[in-house]
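One-letter residues, chain by chain:
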Amino acid sequence: MKPNHGHRRDQSLSTPEANGSTGDTPPIPLNAQLTGVHGVIILPEWAADIGRHYDATKLIQTLAAAPTQVVEFCVKPALGYALFPLSDRPCPKDWATETRQLAAKAGQRFIAYYNIGLDNWMAEQQPDWISCDADGKPWLFDDTFSWLCVRSPWRDRILAEVEEMVEGLQPDGVFLDIAGMPNAYGPGHMDPARACHCSHCQAAFRAQHGRELPRQTDDAALREEVFRFGHDGRVA
């Protein structure tokens, strides 16, 4: 990361008052070198007694001994089962609250992870929110995870749950993963066939460009237009 020349090098990224922490976690200098861990936790619906063996104290102690200064914790993973209570979403056990508290006591920054694009549980509840290809086939990530469209009402659900997560955990930061459309990732991402062609995207493209969302084209300008349309969906 390039240094921010608008700040003195001995200034801090944040203060306890600014980031909502209790003061247990000291500010981090801008020129600090940090070690972090990205935790991926998958909770299949068929697993019995999920979280029975999870030990937050052991996790934080192990990471502190590494040493690790930043803990990224998976609050809402791709399968959709949460590790912190979020609305009516299944939550076999609240792993996040204790982990966040212990991380603060250990002087570790706590980053709350929320997967925007992938959510198998929500796809079952709201099939109309699923991203699909030009033939109406639902998009899957790695043939496993259902891809949801941020132009659908899923967007409002995301905002509500992220607000719940931030208010409940008061994390030092948030990682919003897979925020783009299917054609934003992997090879062939400029191919209109890889774009989301759900009813919400088709209606939005028609309203924005006055014509139908193309299924395929060799026109370079049109391919770029469809590609940018997909990116616009996450910021519009």
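Residues numbered from 1 in each chain as written. Predicted model: local features only at pLDDT ≥ 70, side-chain atom pairs only at ≥ 80, totals over all residues. Heavy atoms only, no water.

Caption draft 1: The arrangement of the sheet that holds strand 3 (residues 109–115) in detail. Taken in spatial order, the four strands make up an open sheet running 1-2-3-6, and their pairing is parallel. Of all strands in the sheet, those bounded by a partner on one side alone are strand 1 (36–38) and strand 6 (173–177). Each strand axis lies, on average, 25 degrees off the axis of its neighbour in the sheet, ignoring direction. Across three bridges, the pairing between strand 1 and strand 2 (residues 70–76) is parallel. When the bridges of strand 2 are listed, H38 appears paired with E72. Its contacts with the sheet put helix 3 (residues 96–105) on strand 2 and strand 3, and the angle it makes with strand 3 is roughly 150 degrees. The strands touched by helix 5 (residues 154–169) within the sheet are strand 2, strand 3 and strand 6, with strand 3 carrying the most contacts at an inclination of about 160 degrees. (Pairing = 2+ DSSP bridges. Helix = DSSP H or I, 4+ residues; strand = E, 2+ residues; numbered from the N terminus. Axes fitted to C-alpha atoms, helices over the stretch in contact; angles between N-to-C directions. Contact = heavy atoms within 4.5 Å.)

Caption draft 2: Region of the structure containing the packing of aromatic side chains. Under the criterion given, the structure shown has seven aromatic pairs. On the numbers, 4.4 Å between centres and 15 degrees between planes, the contact of Y54 with W95 is stacked. One end of the pair, Y54, is in the loop between strand 1 and helix 2 (56–65); the other, W95, is in the loop between strand 2 and helix 3, with 41 residues separating them in the sequence. Here the aromatic cluster, defined as three or more aromatic residues joined through ring pairs, consists of Y54, F73, W95 and F110. A cation over an aromatic ring shows up here: K76 above the ring of Y114, its NZ or CZ 5.0 Å from the ring centre. (Phe/Tyr/Trp six-rings, centres within 6.5 Å; stacked < 30°, edge-to-face > 60°. Lys NZ or Arg CZ within 6 Å of the ring centre and 35° of its normal.)

Caption draft 3: Expanded view of helix 3. Regarding helix 3, the residues found buried are A96, T99, R100, A103 and A104. One face of helix 3 carries all of its buried residues, which in axial projection span an arc of 135 degrees. Here the buried face of helix 3 lies against helix 2, strand 2, strand 3 and helix 5. Positive backbone phi, at 80 degrees, marks G107, one or two positions downstream of helix 3. (Buried < 20%, exposed > 50% of the residue type's maximum accessible area, 1.4 Å probe, protein only. Arc of directions from axis to C-beta.)

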